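Spelled out from the first residue to the last, the chains are:
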Amino acid sequence: ARFITTLGGRGFFYLYVGSLILAKWTLLSLGVGGYMIVVGVLFIAQSYRVSKELKEAEKELNRVEGEAKKQTAGFRTKVKEAWQKYDPEGDGAIYTKKLGRLCKELGRPMEKESLKEAKAQLDADRLGEIDFEDFLRWWAKVSLVEEP
């Protein structure tokens, strides 16, 4: 009875039951059976239409997902290129004092107060260094927020 949970399955069920009712050949059964057959056909037609729309939506979702992956890769590359200018040792960490210049190079100069908060957030252990992966996650969030 699982087929009844789908729109098309329910349509075929109405079609079947309507044809059984029509087999009695009384005036009432002709009306009820005919009505059930019409409803069954409409359900089946609707299920095909919805199925087609869902397939189109899935294609669009896959396209958007692919674009997002490309943009994410481009974002990471852009940040990594700027990061490498301030990480000459290549160890994946920069000094907190370089954070302001890095943000400015990435297109978002920061006020002293915002920079102070960012340093506190990114250098929680107070060693004076910021890790690239931590910075990347933070920068992704900051880049989504518009400045007032």
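A short tour of the structure in this document, coming up. (Residues numbered from 1 in each chain as written. Predicted model: local features only at pLDDT ≥ 70, side-chain atom pairs only at ≥ 80, totals over all residues. Heavy atoms only, no water.)

## Comments concerning the overall build of the chain
If you tally the helices and strands in the chain, you get five helices and two strands. Against the compact-globule benchmark of 15 Å for 148 residues, the chain has a radius of gyration of 31 Å, which places it well outside the compact range. Along the three orthogonal principal directions, the C-alpha set of the chain runs to about 90 × 30 × 25 Å. Contacts in the chain between residues at least 24 apart in sequence constitute 52% of all its contacts with a sequence separation of at least 6. For the chain, the exposed area adds up to about 11,000 Å²; of that, 60% sits on carbon and sulfur atoms. Within the chain, one finds 25 positive and 22 negative side-chain charges whose respective centroids are separated by 7 Å. (Helix = DSSP H or I, 4+ residues; strand = E, 2+ residues; numbered from the N terminus. Rg over C-alpha atoms; globule rule 2.2 N^0.38 Å. Contact = heavy atoms within 4.5 Å. Areas by Shrake-Rupley, 256 points an atom, 1.4 Å probe, with all protein chains shown as cover. Lys, Arg positive; Asp, Glu negative; His and termini not counted. Charge placed at Lys NZ, Arg CZ, Asp CG, Glu CD.)

## Thoughts on the packing of helix H2 (residues 27-86) against helix H5 (residues 132-144)
Orientation of H2 relative to H5, taken along the N-to-C sense of each, is 120°, at an axis distance of 11 Å. Viewed along their axes, H2 and H5 adopt a mutual orientation that is oblique. H5 is crossed by H2, and the crossing has right-handed handedness. In contact with Phe 75, Arg 76, Val 79, Lys 80 and Trp 83 of H2, H5 contributes Phe 132, Glu 133, Phe 135, Leu 136, Trp 139, Ala 140 and Ser 143. Among the residues forming the contact of H2 with H5, the class breakdown is eight nonpolar, one polar and three charged. (Axes fitted to C-alpha atoms, helices over the stretch in contact; angles between N-to-C directions. Parallel < 35°, antiparallel > 145°, perpendicular 65-115°, else oblique. Left-handed = near helix turned anticlockwise from the far one by under 90°. Nonpolar A, V, L, I, M, F, W, Y, C, P; charged D, E, K, R; others polar.)

## Points about H2
Taking 1.5 Å per residue, 60 residues should reach 88 Å; H2 reaches 88 Å between its end C-alpha atoms and fits that length. Buried residues along H2 sit in contact with helix H1 (7-22), strand S1 (93-95), helix H3 (99-105), strand S2 (129-131) and H5. (Expected span 1.5 Å × (residues − 1).)

## Some remarks on the packing of helix H4 (residues 112-122) against H5
Between H4 and H5, the least distance of the axes is 11 Å, while the angle of their chain directions is 135°. For the element pair H4 / H5, the angle class is oblique. In terms of crossing hand, the pair formed by H4 and H5 is right-handed. Contacts between H4 and H5 involve Ala 118, Gln 121 and Leu 122 from the former and Asp 134, Phe 135 and Trp 138 from the latter. Tallied by class, the residues present in the contact of H4 with H5 amount to four nonpolar, one polar and one charged.

## Some thoughts on the pattern of salt bridges
Going through the model one piece at a time under the given rule, you end up with six salt bridges. We note a salt bridge from Glu 53 to Arg 49, for which the minimum N-O separation is 2.3 Å. Linking Glu 53 with Arg 49, this pair stays in helix H2, spanning four residues, or about one helical turn. The exposure class assigned to Glu 53 is partly exposed, which follows from its relative accessible area of 40%. With a relative accessible area of 39%, Arg 49 lands in the partly exposed category. Lys 85 is the salt-bridge partner of Glu 105, the closest N and O atoms lying 2.7 Å from each other. Taken together, the positions of Glu 105 in helix H3 and Lys 85 in helix H2 put the pair 20 residues apart, joining distant regions of the chain. We classify Glu 105 as partly exposed; its relative accessible area is 33%. Taking the relative accessible area as the measure of exposure, Lys 85 reaches 58% and is therefore exposed. (Salt bridge = Lys/Arg side-chain N within 4 Å of Asp/Glu carboxyl O. Buried < 20%, exposed > 50% of the residue type's maximum accessible area, 1.4 Å probe, protein only.)

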